[in-house]
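# Residue-level structural notes
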Amino acid sequence: MRLNYFKSKLFLKYIWSYLFILLIPLVFMTIFIYKNAVTSLRTEIEQSRLAQLTQAKVVIDGRMKELSEIATRISYDKRLASYQVHDPISSRESIQALDQYKATSSIIGEIYLYFHKDDKIYSSKGLNNFDVFTNNLSFKTWDKEALYQDLNQSKYPAMRPADIVSNSSGLQETMLAYLIPITPNSPNPHGTVMYLIKESELTSLVDSILGNYQGQTYILDNEGHILVDNRQGEALTSAESKSLFDNITPGIEDRTVNGQAHSIVSVKSQNNGWTYVTIMPSAQFFSSVLHVRSFMIMLFSIVVIVGAAIALVLARMQYQPISMLVEFAASKSGSSPDSSGAGNELERIRTALQEYSSRVDLQEPFARHHFLSMLLKYGSAQSLTPELRGAFDLDFNRSHYFVMVVGWDENEQNGVHEHQDMIDLLTQIEFPELAAHGYGVELSRMDQIGLIINFDLDGKSEEFDHKRLIAEAVRSNLLESFDIIPTIGVGTSYSSPDQLNQSYIEACSAYELRVSTDHGSVNYFDKLSDTSDHTFWIPNNNLMKLSQSLKQGSYDVAAQMIHSAFMNLHSSELSALFIRCICFDLLNTILKTASELGSHHKLMQEITPNMLYSSSLDELEGGLLKLASQICEQVERDNHKEEQSIIDRIVAYIDEHYMDNALSLESVAFEFGISPSHVSRSFKEKVGLNFIQYVWQKRVEEVKHQLKTTSDPLKDIILKVGYLDAPNFIRKFKKETGYTPGQYRKMFSQHGGAESDPDLDAE
């Protein structure tokens, strides 16, 4: 820990705060926990045991219900009907059916089917004479006569308590017998299904839920007889168990058993009347309470002893990021971190953040234009999170959306400043009287700007009339503010901003008609084609939209145009030949567009007679979609190559003019006829550095070269490379290299070190 930490009043405040936060609450918390540990922990353990026992009850009840359902299915299974079972031919299938039912439940040790007054009993292993069955399988407390009587007279499901069962080989197991008469719920059942269940199957289910504990678990039937006895540790005598179980009630209670305090938890099943009981010595959870008490005493002692040290460590951890931020802010401002008179640490950090915020504001327009450009290209407005909406001051909450492309002749523009003024005007434009506002988007060309408009209808005018008023308002604003005559292409309006890419394609299509209309006209895509006299032909505006989408490389819009055209043809009642002729309009449009783009030769190789004369419209649609996809991919590749070529020329231009102090992003954009935002975005993607960083690096490298190879004054060198603010350059140079220019010259000069320079001394 650095000693100068203690010179900070903020750091000392943190120490005192943590001393109070740690010591005072922990003292009260320790006393409170100690007083409430016995009752709360015991209640928690008992409630936990009650919940676990309830879960065990639900699981076992579910298994018993499962056995009842199996018996029901057996009673209605034709393979197990009396005549089927007694038939020598079908009896094998019956035995297999019993084996299948046995396999459906993991707790069934064996399953038997007995028909009243029958001398045979059937199991999953085969059939046996009843006398042979009782000789091979004997119960310790259930003799042959009682077994025969229960199998013939049972009218309700009954579970016999766990009994020791011996088989013919002398192997003994503790098992339960569950008798279910069939048909179930019938006053006169004709048979009985008997399940043999190993006691360990039920006790293992209970143990898996209850976990490790000391005590006993019992399952009692509705008459209080013990069905399952699962002991962990001590056991109860028969007299104690009878006295205990005769008076037991569901819930949690305390009893004295064998002279020791016990906690008894019991739940009762509403399905079969069984009672589930656990008997636990109270000492096993009192030991947990004693452990907690010892732990709290030890924790209190440790907190009292090392509380101050912990407060120091936590205060240092909290203050260290602030200290680092203060040092960072000081390094950026060139001041000392310990300088007084600049407010406390938080005030200095706030000042530094304000400075960096102003720098971020310079980059915000480029980020905003990039997002809006992606919106025009892909139409995915869902990516506009509330955070981005707030940062870019964008609001898409109106009912209608459309795009306008605004352009003018290049010779009408008077320079970079007028272009920037137009961008500033259209960046966010409001028309309150029309309930509309728009956002300007810089397109790749300097003589075009996109404008995203969203508006609400007032209920008095038609949608197109309202859109026309908005377009005229935009045109009037441009005519009043600038010495240009704008030409505007207007796309169709949609109800969702996700369809802005379609409106943009339509606006581009409408804008292209400016060559055939008056200079400065406003062209609406809605009015490009009147199809009233051409009912069975594809409308011209759809073909224009298809062509424009291919030129823009927008496959989604092109595919939608092709698909919608084919959907209309499918629903028409025209002949197949007439429909195929109409489809050639789409093919001609695609080929004409490809020819304009210079890629029709490659596409001609894809067109085969099978495609032209296919018997299926779906195949023809698939072929046209494939051609459209190839054109869009080629457009993307060509744009990428062209963009790379332009960036290469821009880099070469910068390399030649980087020492010109008038060099700026706007001047380079104007030189190449590309919008500044497009230059900024493409330059960063292709070069890896933004425009300012690249120019700075070129100038710094030249300054380093001049410092190494010449003895010219530093100010002359800085001015020579196009940097007018010498003090600011010196600070940035030191930040990047670790040396002032004077130190750098002394260390790396090829002349063995230059003499002292007044300019360098002034650093």
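Residues numbered from 1 in each chain as written. Predicted model: local features only at pLDDT ≥ 70, side-chain atom pairs only at ≥ 80, totals over all residues. Heavy atoms only, no water.

## Some remarks on the overall build of the chain
Stated precisely, the cut-off is as follows: Labels follow the DSSP assignment, with helices taken as runs of H or I lasting at least four residues and strands as runs of E lasting at least two, numbered in each case from the N terminus. For each residue, the accessible area found with a 1.4 Å probe, counting protein chains only, is set against the maximum for its type, and the residue is called buried under 20%, exposed over 50%, and partly exposed in between. The contact criterion used throughout is that any non-hydrogen atoms of two residues lie within 4.5 Å. Calculation of accessible area relied on Shrake-Rupley with a 1.4 Å probe; when residues are assessed, cover is drawn exclusively from the protein chains displayed.
Within the chain one finds 26 helices and 19 strands. Across the 763 residues that make up the chain, the buried fraction comes to 44%. Considering only contacts within the chain whose residues lie at least 6 apart along the sequence, 64% involve residues at least 24 apart. In the form shown here, the chain has an accessible surface area of approximately 39800 Å², with 53% of it arising from carbon and sulfur atoms.

## Here's the deal with the pairing of strand S7 (residues 172-182)
Just so we agree on the cut-off: For two strands to count as paired, DSSP must find a minimum of two bridges between them.
Of all the eleven residues making up S7, eight are buried; the element is thus mostly covered by neighbouring parts of the structure. Looking at chain direction, strand S5 (residues 158-159) and S7 are connected through two bridges and run antiparallel. Looking at S7, one finds that Ala158 is bridged to Leu179. Taken together, the four bridges between strand S6 (residues 163-166) and S7 define a ladder with antiparallel strand orientation. Each bridged residue has a counterpart across the sheet, and for Asp163 the counterpart in S7 is Met175. Where S6 folds back onto S7 in an antiparallel hairpin, the turn is made up of five residues, including Gly170, whose phi is positive at roughly 90 degrees. As defined by bridge partners, S7 adjoins strand S8 (residues 191-198) across eight bridges and the pair is classed as antiparallel. Along S8, the bridge assignment pairs Tyr178 with Tyr195.

## Side note on the packing of aromatic side chains
We count it as follows: Aromatic pairing here means that ring centres of Phe, Tyr or Trp (its six-membered ring) are within 6.5 Å. Orientation follows from the plane angle: under 30 degrees is stacked, over 60 is edge-to-face, and everything else is tilted. Here, a charge over a ring is recorded when the distance from Lys NZ or Arg CZ to the ring centre is within 6 Å and its angle to the ring normal is within 35 degrees.
According to the stated counting rule, one finds 22 aromatic pairs in the structure shown. When the ring of Phe115 is compared with that of Tyr122, the centres are 6.4 Å apart and the planes differ by 65 degrees; the resulting orientation is edge-to-face. An aromatic cluster of three or more residues is present, and its members are Trp696, Tyr723, Phe729, Phe733, Tyr739, Tyr744 and Phe748. If you follow Lys708 out to its NZ or CZ, it ends over the ring of Phe748, 6.0 Å from the centre. If you follow Lys732 out to its NZ or CZ, it ends over the ring of Trp696, 4.3 Å from the centre.

## Observations regarding the nonpolar core
The cut-off we apply is this: Residues belong to a common nonpolar core when they are buried Ala, Val, Leu, Ile, Met, Phe, Trp, Tyr or Cys residues joined through side-chain atoms within 4.5 Å.
Core analysis: the largest hydrophobic core is formed by 40 residues, its most contacted members being Leu113 and Tyr195. With eight residues, the top contributor of residues to this core is helix H1 (residues 9-76). Beyond its immediate chain neighbours, meaning those up to four positions away, Tyr195 contacts Leu67, Ile70, Ala71, Ile108, Glu110, Ile111, Leu176, Ala177, Tyr178 and Ile180. Listed in part, the 29 residues of the second largest apolar core include Leu546, Leu550, Met561 and Ala628.

## A look at unusual backbone geometry
In this structure, Thr183 follows Ile182 across a cis peptide bond, with omega equal to 5 degrees. Tracing the backbone through its elements, the reader meets Thr183 in the loop between S7 and S8. Not every positive phi belongs to a glycine, and Lys117 is a case in point at roughly 65 degrees. On the secondary structure map, Lys117 appears in the loop between strand S1 (110-115) and strand S2 (120-123).

## A look at the sheet that holds strand S18 (residues 487-490)
The criterion, for reference: Axis definition: a line fit to C-alpha positions, over the contact stretch in the case of helices; interaxial angles, taken between N-to-C directions, run 0 to 180 degrees.
Reading across from one edge, S15-S16-S17-S14-S18-S19 is the order of the six strands in this open sheet, with mixed pairing throughout. In the strand order of this sheet, the two ends are held by strand S15 (428-431) and strand S19 (522-524), each with one partner. The mean inter-strand angle of the sheet, taken between neighbouring strand axes irrespective of direction, is 20 degrees. Pairing of S18 with S19, which is carried by three bridges, proceeds in the parallel orientation. In the strand pairing of S19, Gly489 is matched with Asn523.

## Here's the deal with the pairing of S2
Where S1 meets S2, two bridges bridge the pair, whose relative direction is antiparallel. The residue bridging Leu113 from the neighbouring strand is Tyr122, located in S2. Between the end of S1 and the start of S2, which pair antiparallel, lie four residues, with Lys117 showing a positive phi angle near 65 degrees. Sheet topology places S2 next to strand S3 (residues 126-129); four bridges connect them, and they run antiparallel. When the sheet's bridge partners are listed, Tyr122 is paired in S3 with Leu127. Between S2 and S3, which follow one another and run antiparallel, lie two residues.

## Digging into helix H5 (residues 144-153)
Short version of the rule: This arc corresponds to the set of directions leading from the helix axis out to the C-beta atoms.
Those residues of H5 not exposed but buried are Leu147, Leu151 and Asn152. The buried residues of H5 occupy an angular sector of 120 degrees when the element is viewed end-on, so they sit on one face. In this structure, H5 carries Glu145 and Gln153 as exposed residues pointing more than 90 degrees from its buried face. Buried positions along H5 lie against S1, S2, helix H4 (130-136), S7 and S8.

## Points about the packing of helix H20 (residues 665-672) against helix H21 (residues 676-687)
We apply this condition: Roughly parallel covers angles under 35 degrees, roughly antiparallel covers those over 145, roughly perpendicular covers 65 to 115, and oblique covers all other angles. Only Asp, Glu, Lys and Arg are considered charged in this grouping, and only Ala, Val, Leu, Ile, Met, Phe, Trp, Tyr, Cys and Pro are considered nonpolar; every other residue, Gly among them, is considered polar.
At a minimum axis distance of 8 Å, the contact between H20 and H21 shows a crossing angle of 100 degrees. Taken together, H20 and H21 sit at an angle that is classed as roughly perpendicular. Taken together, the residues of H21 that come into contact with H20 (itself represented by Leu665, Glu666 and Ala669) are Pro676, Val679 and Ser680. When the residues that make up the contact of H20 with H21 are grouped by side-chain class, the tally is four nonpolar, one polar and one charged.

## What to know about the side chain of Asn454
Heads up, the condition is: Under this definition, polar contacts are N or O atom pairs within 3.5 Å; protein pairs additionally need one hydrogen-donor-capable and one acceptor-capable atom, and for neighbouring residues in sequence, both atoms have to be side-chain atoms.
Its place among the elements puts Asn454 in strand S17 (residues 448-455). Note on Asn454: relative accessible area 0%, which makes it buried. Of the polar contacts made by the side chain of Asn454, one reaches the side chain of His437; its length is 3.0 Å. When neighbours within four sequence positions are excluded, Asn454 is seen to be in contact with Asp395, Phe396, Arg398, His400, Tyr401, Ala435, Ala436, His437 and Tyr439.

## Thoughts on the confidence of the model for the chain
Detailed reading of the predicted coordinates is not advisable wherever pLDDT falls low. As a reminder of what qualifies: Predictor confidence is given residue by residue as pLDDT, running from a minimum of 0 to a maximum of 100.
Counting all residues, the mean pLDDT for the chain is 78, and 82% of those residues have values of 70 or more. Within the chain, no element has a lower average pLDDT than helix H26 (residues 758-761), which sits at 46, and none a higher one than S8, at 91.

## Some thoughts on H21
This is how the line gets drawn: An expected span of 1.5 Å times one less than the residue number is assigned to each helix.
Over its twelve residues, H21 runs 16 Å from end to end, which matches the ideal 16 Å to within 8%, given 1.5 Å per residue. Those residues of H21 that sit buried are Pro676, Ser677, His678, Val679, Ser680, Arg681, Ser682 and Phe683. Two residues or fewer past H21, Gly688 is found with a positive phi of approximately 95 degrees.

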